[in-house]
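Descriptive structure summary
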Amino acid sequence: MKISKSDFKEKNNNVFKIVLISTFILLKFNITSAQENITTTDYKVFNASGHIKNMHTWHGSVVHPGAVFATSLEFTTRNKKFILGIWGGASFTSTDIFNEINATYVNANYKEVSLYASYHFNDILFIEAVSHNNYTAVEERGDVLHYWSYDKKQGYNFVDIGFGYAVTPKVELYLATIIGGGSGDYEIQSDGLLKDSWTHYFEIKSKVWQSTNSNLTLFTGGAWSFITDKTFYTEDGANLINVGATFCKDIHIGSYKLPVEVTAMWNPEKEKTILQLDLALF
């Protein structure tokens, strides 16, 4: 799908600007006001991570069915309340993408670079904003890559706002809402106009078993919209989309500890079942 440059200049970045401005306001507030007594050994201003996964899933959907390397870089304020980070993923395998210009299928690797910011009010409540930028196959399918575009029709950028709450040390709730109609989160009306869905995703997870170096967590998540029948995750209204269990275990290789996570997930609407392996390298 072709997007003209004039369209990008006039209407594509409003949501991103709001998120960016609010992020820097919170960042400045936390840097200047964090005066809590935290020792330097407890505080790491920057953190990085690296994971290898046999596939990449998100909220009940398979983002990429093949092996993926994922990494992140985070900045944390001294009071540990505000986190600003960037997350990226790239696949070892490709998928077939249809190129409309040449009317042929081409190979494309999964590529994503997403930004996020979160504020932790305390140990049980946080709010976050995530700008998902999955630009897999944009250029391969004959489109022009505009990384900072949030046009709802171009299909690879969107922003959601999430809230997390720990009911107990073992039970957590999470609610996320996609802002506007980003990345196809809209319904086409009979007159051809696009109606934003503002999709909501709600998940509850509970740690049901734990030993010295392993644990098992059950989870279930669903999606709905108060505005349209179609949502970002579903086609026919509200539905369960993410049901399963996650087993975590630390494997010790000499002095090196390798956290391993295995997730069994079932999406009732798409009738899809997967088994995901996630190795946390660092």
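Counting of residues starts from 1 at the beginning of each chain's written sequence and follows it residue by residue. The predicted origin of the model limits local features to residues at a pLDDT of at least 70 and limits the giving and counting of side-chain atom pairs to 80 or more, whereas totals for whole chains, interfaces and linings rest on all residues. As a convention, hydrogens and water are excluded, and side-chain values are obtained from all of the structure's heavy atoms.

1. Describing the nonpolar core
To qualify as a nonpolar core, a set must consist of buried Ala, Val, Leu, Ile, Met, Phe, Trp, Tyr and Cys residues joined through side-chain atoms within 4.5 Å. For the exposure calls, accessible area comes from a 1.4 Å probe over protein chains only, and a residue counts as buried if that area is under 20% of its type's maximum, exposed if over 50%, partly exposed in between. Of all hydrophobic cores here, the largest spans 8 residues; its members are Phe 158, Tyr 174, Ala 176, Ile 178, Tyr 201, Ala 223, Tyr 233 and Ile 241. Ranked by residues supplied to this core, first place goes to strand E9 (residues 171-178) with 3 residues. Any two residues having at least one pair of non-hydrogen atoms within 4.5 Å are treated as being in contact. Aside from chain neighbours lying at most four places away, what touches Ile 178 is Phe 158, Val 159, Asp 160, Asp 185, Trp 198, Thr 199, Phe 232 and Tyr 233. Working definition: helices are DSSP H or I runs of at least four residues, strands are E runs of at least two. Numbering for both runs from the N terminus.

2. Notes on the sheet that holds strand E5 (residues 82-99)
Should DSSP find at least two bridges between two strands, the strands are taken to pair. Read around the closed barrel, the 12 strands follow the order E1-E4-E5-E6-E7-E8-E9-E12-E13-E14-E15-E16; overall the barrel is antiparallel. On average, each strand axis in the sheet is inclined to that of its neighbour by 20°, with strand direction left out of account. The sheet contact formed by strand E14 (residues 239-253) and strand E15 (residues 256-267) spans 11 bridges and is antiparallel. Considered in E15, the bridge of Lys 249 is made with Val 260. Axes here refer to lines fitted to C-alpha atoms; in helices the fit is confined to the stretch in contact. Angles between the N-to-C directions go from 0 to 180 degrees.

3. What to know about the packing of aromatic side chains
Stacked, tilted and edge-to-face are the three classes assigned to paired rings of Phe, Tyr and Trp, where Trp is represented by its six-membered ring and a pair needs centres within 6.5 Å; plane angles under 30 degrees give stacked, over 60 edge-to-face, the rest tilted. Counted according to the given criterion, the structure contains 14 aromatic pairs. Relative to Tyr 174, the ring of Phe 126 has its centre 6.5 Å away and its plane inclined at 25°; by these criteria the two rings are stacked. Placement of Phe 126 in strand E7 (residues 125-133) and of Tyr 174 in strand E9 is noted, with a sequence separation of 48 residues between them. Connected via pairs of aromatic rings, a cluster forms that spans Trp 58, Phe 158, Tyr 201, Phe 232 and Tyr 233.

4. Considerations on the environment of Ser 91
Within the secondary structure, Ser 91 is located in strand E5. As for Ser 91 and Asn 109, which are separated by 18 residues in sequence, their C-alpha atoms are 5.7 Å apart. Within the structure, the side chain of Ser 91 is placed 2.8 Å from the backbone nitrogen of Tyr 110, a separation counted as a polar contact. Within 3.5 Å is the distance limit for a polar contact, defined as a pair of N or O atoms, with the added protein rule that one can donate a hydrogen and the other accept it, and that residues adjacent in sequence qualify only through two side-chain atoms.

5. Some remarks on the pairing of strand E12 (residues 200-210)
As defined by bridge partners, E9 adjoins E12 across 7 bridges and the pair is classed as antiparallel. Bridged to Leu 173 within E12 is Ile 204. The pairing of E12 with strand E13 (residues 214-224) spans 10 bridges and is antiparallel. Following the sheet pairing, Tyr 201 is matched in E13 by Ala 223. Counted between consecutive antiparallel strands, the loop separating E12 from E13 contains 3 residues.

6. A closer look at the side chain of Ser 72
Secondary-structure assignment places Ser 72 in strand E4 (residues 68-76). The class for Ser 72 is buried, based on a relative accessible area of 11%. A distance of 2.5 Å separates polar atoms of two side chains, one belonging to Ser 72 and the other to Ser 49. Excluding anything up to four places from it in sequence, Ser 72 contacts Asn 47, Ala 48, Ser 49, Ile 86, Trp 87 and Tyr 116.

7. Quick notes on a nonpolar patch on the surface
Patch criteria: residues need more than 30% relative accessible area and no salt bridge. Like-charged residues are merged within 9 Å; nonpolar side chains of Val, Leu, Ile, Met, Phe, Trp and Tyr are merged within 5 Å. Under the convention used here, a 1.4 Å probe and the Shrake-Rupley method define accessible areas, while residue burial counts only the protein chains that appear. Any carboxyl oxygen of Asp or Glu within 4 Å of a side-chain nitrogen of Lys or Arg constitutes a salt bridge here. On the surface, a cluster of nonpolar side chains totalling about 340 Å² of accessible area is made up of Val 45, Phe 46, Leu 73 and Ile 86. Its relative accessible area of 31% is what places Val 45 among the partly exposed residues.

8. Observations concerning the pattern of salt bridges
Side chains carrying opposite charge are able to pair once their charged atoms draw close together. What the rule picks out here adds up to 4 salt bridges. For Glu 140, the salt bridge goes to Lys 111, with nearest N and O atoms at 3.5 Å. In this pair, Glu 140 is assigned in the loop between E7 and strand E8 (157-168) and Lys 111 in strand E6 (residues 104-120), connecting sequence segments 29 residues apart. Two residues, Asp 196 and Lys 152, come together in a salt bridge whose shortest N-O distance is 2.5 Å. Within this pair, whereas Asp 196 is found in strand E11 (residues 194-196), its partner Lys 152 is found in the loop between E7 and E8, the two being separated by 44 residues in sequence. According to the relative accessible area criterion, Lys 152 is partly exposed, its value standing at 25%.

Everything listed here is a matter of coordinates, which is why it stays silent on function.
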